[in-house]
Amino acid sequence: MMTRHYLDEIFEDGLDKVMEQQCFEACVFRGLDLSEGQWRQCHFIDCRFVSCNLSNVSVLGSQFERVQFEQCKMIGIDWTLAKWLDYVFDATVSFNDCRLCDCSLFGLDLDDLIITNCVAHRVDFREGRFIGADFSGTDFANSLFNRTDLSRSDFTDAENYHMDLTANTLTKAKFSRDQAVCLLAFADIQLVD
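Each residue is numbered by its place in its chain's sequence as written, counting from 1. It should be noted that, the model being predicted, local features are given only for residues of pLDDT at least 70 and side-chain atom pairs only at 80 or more, the latter also being counted only at that level, while totals for whole chains, interfaces and linings use all residues. Side-chain descriptors were evaluated using all non-hydrogen atoms of the structure, hydrogens and water having been removed beforehand.

## Overview of the overall build of the protein chain
Moving on, step 1. Under the scheme used here, helices are H or I runs from DSSP no shorter than 4 residues and strands are E runs no shorter than 2 residues, and both carry numbers assigned from the N terminus. The secondary structure content of the protein chain amounts to zero helices and 14 strands.
Moving on, step 2. Beginning at the N terminus, the succession of helices and strands in the protein chain can be written as β-β-β-β-β-β-β-β-β-β-β-β-β-β.
Moving on, step 3. Exposure classes here rest on a 1.4 Å probe applied to the protein chains alone. A residue is buried below 20% of its type maximum, exposed above 50%, and partly exposed in between. Counting over 193 residues, the protein chain shows a buried share of 47%.
Moving on, step 4. When checking whether two residues touch, look at their non-hydrogen atoms; a contact exists if any pair is within 4.5 Å. Residue pairs at least 24 apart in sequence account for 13% of intrachain contacts in the protein chain once pairs closer than 6 positions are excluded.
Moving on, step 5. Residue burial considers only the protein chains on display, and all accessible areas are found by Shrake-Rupley using a 1.4 Å probe. Summed over all atoms, the accessible surface of the protein chain reaches about 10000 Å², with 44% contributed by carbon and sulfur.

## As for the pairing of strand β11 (residues 93-96)
Moving on, step 1. Strands pair, by our definition, only if DSSP identifies at least two bridges between them. Pairing between strand β10 (residues 67-70) and β11: four bridges, direction parallel. Residue pairing across strands places Glu 70 opposite Asn 96, the latter belonging to β11.

## A closer look at the sheet that holds strand β12 (residues 114-116)
Moving on, step 1. Taken in spatial order, the six strands of this open sheet run β2-β5-β8-β10-β11-β12, and their pairing is parallel. With partners counted over all chains shown, the strands left at the sheet margins are β2 (10-11) and β12, one partner each.

## Concerning the packing of aromatic side chains
Two descriptors summarise a pair of aromatic rings, namely the distance from one centre to the other and the angle between the planes of the rings.
Moving on, step 1. Classification of ring pairs uses Phe, Tyr and Trp, with its six-membered ring standing for Trp, and accepts pairs whose centres are within 6.5 Å; under 30 degrees between planes counts as stacked, over 60 as edge-to-face, and the remaining range as tilted. Here the structure, examined in full by the defined rule, presents 31 aromatic pairs.
Moving on, step 2. Summarising the aromatic geometry, the rings of Phe 44 and Phe 64 are spaced 5.3 Å apart at their centres and angled 10 degrees between planes, so their arrangement reads as stacked. Placement of the pair is Phe 44 in strand β7 (residues 43-45) and Phe 64 in strand β9 (residues 63-65), with a sequence separation of 20 residues.
Moving on, step 3. A residue is classified by how much of its surface remains accessible, and Phe 64, at 1% relative accessible area, is buried.
Moving on, step 4. Among the aromatic residues, ring-to-ring pairing joins Tyr 6, Phe 11, Phe 24, Phe 29, Trp 39, Phe 44, Phe 49, Phe 64, Phe 69, Trp 79, Trp 84 and Phe 95 into one connected group.

## Quick word on the sheet that holds strand β4 (residues 22-25)
Moving on, step 1. As summarised here, the arrangement of the four strands in space is β1-β4-β7-β9, forming an open sheet in which the pairing is parallel. Every interior strand has two partners, whereas the edge strands, β1 (4-7) and β9, have only one. Shown here is a sheet whose adjacent strand axes are inclined to one another by a mean of 5 degrees, direction ignored.
Moving on, step 2. The sheet contact formed by β7 and β9 spans three bridges and is parallel. For helices, the axis comes from a line fit to the C-alpha atoms of the stretch in contact; other axes are also lines fit to C-alpha atoms, and the angle between any two N-to-C directions lies between 0 and 180 degrees.

## Points about the pattern of salt bridges
Moving on, step 1. Counted as salt bridges are all cases of a side-chain nitrogen of Lys or Arg within 4 Å of a carboxyl oxygen of Asp or Glu. For the coordinates displayed, the defined rule picks out 10 salt bridges.
Moving on, step 2. Residue Asp 154 pairs with Lys 174 through a salt bridge whose shortest N-O separation is 3.9 Å. In this pair, Asp 154 sits in strand β13 (residues 154-155) while Lys 174 sits in strand β14 (residues 174-175), placing the two residues 20 residues apart along the sequence.
Moving on, step 3. The exposure class assigned to Asp 154 is buried, which follows from its relative accessible area of 16%.
Moving on, step 4. Residue class for Lys 174 comes out partly exposed when judged on its relative accessible area of 48%.
Moving on, step 5. Members of the salt-bridge network, linked through shared partners, are Asp 46, Glu 65 and Arg 66.

## Here's the deal with the side chain of Ser 58
Moving on, step 1. As for its position among the elements, Ser 58 is in the loop between β8 (48-50) and β9.
Moving on, step 2. Judged by relative accessible area, which is 19%, Ser 58 ranks as buried.
Moving on, step 3. Excluding its chain neighbours within four sequence positions, the residues that come into contact with Ser 58 are Gly 37, Gln 38 and Trp 39.

## As for the side chain of His 121
Moving on, step 1. If you trace the backbone, His 121 turns up in the loop between β12 and β13.
Moving on, step 2. With relative accessibility at 18%, the residue His 121 sits in the buried group.
Moving on, step 3. Ignoring sequence-local partners within four residues, the contact set of His 121 consists of Leu 100, Cys 101, Asp 102, Asp 139, Ala 141 and Ser 143.

## Here's the deal with the environment of Phe 44
Moving on, step 1. Since its relative accessible area comes to 0%, Phe 44 is described here as buried.
Moving on, step 2. Note: C-alpha distance between Phe 44 and Tyr 6 (38 residues apart in sequence) is 9.7 Å.

See the structure below:
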């Protein structure tokens, strides 16, 4: 049972970094520094985080339904600690123009995930399922893909994604021609000009 329910509120200051069993619905979080925060069993529904620092936030047992992150700094988050719904009708979370580095999505099933125009360095996508995800315009330098289902995902204008074609599922995924050479990084071939 949630201890506090916030509906249609805007938070621009004064929010505690430690929150437990709180529900936020249709709320906007703008310009907040919530780094090192502890979100324990919280529930976020139809919320937007804009220009927030969420680095190293713990999301233990928290749920996210149709939550948007825009222009946020989100370094070192272990998303595997959140409580993800078994059924999803829309993108559960979306990240646009965020710095999403050193995060773990290991083994998660997040179909229709949106990570667009982000810096997503050293993100662990291994053994996950991201069917129909939109990764367009994102820099994936040193991110990990292995036994990852990326069917129908969109990597248009993305860069630095290095993944073994034989160890990942890429059926009907889209890639920009000039960046598709990243897909050959694990092949035992030589490219020449």
